[in-house]
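Chain by chain, the residues:
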Amino acid sequence: MKTIVLIGCSKSKLDHCAPAGGFYQGPMFKKSLAAARKHYPNAPIYVLSAEYGLVPIDQILSPYDETLNGKKADEIKNWSAKVIGQMKASGIDPQHDIFIVFAGKNYRKYLPLSNATNMFDGCRGIGEILNKLNKLI
């Protein structure tokens with residue numbers, strides 16, 4: 001059993017290829033990454049990407065314009081099934097590993113993770129999320 005950090009992607013991205021950790025430019029992503037690195041320094045970090053699914057933080061990404069926001073439930077369920085398949089292929093166990101999740105509702109609601117802590121629970125809106133992240137970093 002290991003601890004895994006999952007961070008939701010952001011709409012704001014670079015317009016050129018870059019490692020996932022520097023590719024996403026949104027304040028929520030940047031603050032989530034800083035908090036993850038501070039509080040879980042030994043945990044592998046993955047991005048939940050609307051385009052690519054489960055992405056290691058050092059994987060090089062190409063620009064894209066995709067989001068789960070506004071997608072139908074079936075589309076999000078299919079994306080979630082893809083992510084679970086990627087987890088299993090990477091040696092991550094959705095039923096036994098511990099997950100620390102910094103992601104919005106659409107990126108986590110259909111992921112069947114048995115041991116997950118959602119860092120944004122109790123937050124109502126982006127302002128509260130950013131305030132919480134500021135306190136964590």
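Residues numbered from 1 in each chain as written. Predicted model: local features only at pLDDT ≥ 70, side-chain atom pairs only at ≥ 80, totals over all residues. Heavy atoms only, no water.

Caption draft 1: Quick peek at the pairing of strand β4 (residues 53–56). Sheet topology note: the strand β3 (residues 45–49)/β4 ladder contains four bridges and is antiparallel. Opposite Ser 49, over in β4, you have Gly 53 as the bridge partner. In sequence, β3 turns back onto β4 through a hairpin of three residues. (Pairing = 2+ DSSP bridges. Helix = DSSP H or I, 4+ residues; strand = E, 2+ residues; numbered from the N terminus.)

Caption draft 2: Fine view of the nonpolar core. In this structure, Leu 6, Tyr 24, Leu 48, Met 87 and Phe 102 are the most contacted members of the largest nonpolar core, which totals 44 residues. Breaking this core down by element, the ones donating at least two residues are β1 (3–8), α1 (20–23), α2 (27–39), β3, β4, α3 (73–89), β6 (98–102) and α5 (126–136). (Core = buried A, V, L, I, M, F, W, Y, C linked by side-chain atoms within 4.5 Å. Buried < 20%, exposed > 50% of the residue type's maximum accessible area, 1.4 Å probe, protein only.)

Caption draft 3: Focus on the pattern of salt bridges. With the rule as written, the count across this model stands at three salt bridges. Here Asp 97 ties to Lys 2 by a salt bridge, and the two come within 3.3 Å at their closest N and O atoms. Taken together, the residues span a long stretch of sequence, with Asp 97 in the loop between α3 and β6 and Lys 2 in the segment before β1 at a distance of 95 residues. We classify Asp 97 as buried; its relative accessible area is 3%. (Salt bridge = Lys/Arg side-chain N within 4 Å of Asp/Glu carboxyl O.)

Caption draft 4: Focus on the environment of Ile 92. Counting through the fold element by element, Ile 92 comes out in the loop between α3 and β6. For the pair Ile 92 and Lys 135, spaced 43 residues apart in sequence, the C-alpha separation works out to 29 Å. In this structure Ile 92 touches Lys 2, Ile 4, Tyr 46, Leu 54, Met 87, Asp 97 and Phe 99, once residues within four positions along its chain are discounted. (Contact = heavy atoms within 4.5 Å.)

Caption draft 5: Representation of α3 within the structure. Its 17 residues give α3 an end-to-end C-alpha distance of 24 Å, which sits within 8% of 24 Å, the value for a rise of 1.5 Å per residue. Taken residue by residue, α3 has Ile 76, Trp 79, Ser 80, Val 83, Ile 84 and Met 87 as its buried positions. The buried residues of α3 occupy an angular sector of 145 degrees when the element is viewed end-on, so they sit on one face. Exposed side of α3, more than 90 degrees from the buried face: Asp 74, Asn 78, Lys 88 and Ala 89 are the residues found there. Those residues of α3 that are buried are in contact with β1, β3, β4, β6 and α4 (105–108). With its phi angle positive at about 80 degrees, Gly 91 sits one or two positions after the end of α3. (Expected span 1.5 Å × (residues − 1). Arc of directions from axis to C-beta.)

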